[in-house]
Amino acid sequence: MPFIIAIDGPAASGKGTIARALASHFGFHHLDTGLLYRATGAKGGDPIAAARGLTPDDLARAGLRSAAAGQAASRVAAIPEVRAALVEFQHRFAAQEPGAVLDGRDIGTVICPDAQVKLYVVASDEVRARRRAAELGAEATVMLVELRERDRRDSERATAPLRPADDAVVLDTSNLTIEEAIRRAVAAVERVRGGL
Ligand code: DC
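Bear in mind that the values here come from a model prediction, so they are computed numbers and not experimental data.

A. Highlighting the site of the ligand. Taken together, 15 residues surround the ligand, and among them Arg38, Arg83, Arg105, Asp154 and Arg157 come closest. With respect to the ligand, the side chain of Arg150 contributes an N or O atom lying 2.8 Å from an oxygen atom. One nitrogen or oxygen atom from the side chain of Arg157 is found 2.8 Å from an oxygen atom belonging to the ligand. Relative to its unbound accessible surface of 440 Å², the ligand loses 97% to contact with the protein. Counting residues per element, the ones that place at least two in the shell around the ligand are helix 2 (34-43), helix 5 (67-76) and helix 9 (140-156). The leading source of residues in the shell around the ligand is helix 2, at three residues. Taken together, the residues that form the shell around the ligand break down as three nonpolar, four polar and eight charged.

Now the structure itself:
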């Protein structure tokens, strides 16, 4: 049975960095599920048709990391049929041996509720805005508004809202270096693997 690590949390909490590091540490596959929603939003036209017809080329499209693409992703992600169209791909990805790390908003709650490890990564709004500003070369004050708007939409939507699974380990990265955050995430996984 593959080992599944589900990582959820708001934008710029550090979940992507932690997910990549865990995948490389344990030799697991990694899927940034936000990219599926970003690619769907960037395709334009009917978002349901866009989600159903996503291709590898769509996922490689330039500009998917921009703040505008994040907002478009958050909007199409509130449409239940869009989410439904992306479920099977995520399930197939998670079924790969020897294991997989998936990061997003609903991995521990909806996509992989039986994941062996669930992490919910958070950081203060100000820290997240500073990180995103440095990453995109933008103003932190503008990023703060953008992140809060996206978090609100992602948390308040009716289908698969952003929230921690009841059995998730919460990791607050506000005052942690990247190395320390990764060390704690690896330790959380090791605790479970040691008990198997
Ligand atoms: O993780 P990200 O910033 O790339 O995600 C972009 C948007 O996609 C996010 O604001 C909400 C949506 N999303 C989602 O609804 N469910 C996921 N599992 C991943 C992302």
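Picking up where we left off.
B. Broad picture of the pattern of salt bridges. Evaluation of the coordinates by the stated rule reveals 17 salt bridges. Residue Arg65 is joined to Asp32 by a salt bridge in which the shortest nitrogen-to-oxygen separation is 3.0 Å. Taken together, the positions of Arg65 in the loop between helix 4 (56-59) and helix 5 and Asp32 in strand 2 (residues 29-32) put the pair 33 residues apart, joining distant regions of the chain. Taking the relative accessible area as the measure of exposure, Arg65 reaches 46% and is therefore partly exposed. By relative accessible area, which is 19% here, Asp32 ends up buried. Taking the shortest distance from any N to any O, the salt bridge between Arg105 and Asp154 comes out at 3.5 Å. Of the two residues, Arg105 sits in the loop between strand 3 (99-104) and helix 7 (107-111) while Asp154 sits in helix 9, which places them 49 residues apart along the sequence. Like Asp154, Arg105 is buried.

Reading the values: the criteria
Residues numbered from 1 in each chain as written. Predicted model: local features only at pLDDT ≥ 70, side-chain atom pairs only at ≥ 80, totals over all residues. Heavy atoms only, no water. Near = heavy atom within 4 Å. Polar contact = N/O pair within 3.5 Å; in protein donor to acceptor, adjacent residues only side chain to side chain. Areas by Shrake-Rupley, 256 points an atom, 1.4 Å probe, with all protein chains shown as cover. Helix = DSSP H or I, 4+ residues; strand = E, 2+ residues; numbered from the N terminus. Nonpolar A, V, L, I, M, F, W, Y, C, P; charged D, E, K, R; others polar. Salt bridge = Lys/Arg side-chain N within 4 Å of Asp/Glu carboxyl O. Buried < 20%, exposed > 50% of the residue type's maximum accessible area, 1.4 Å probe, protein only.

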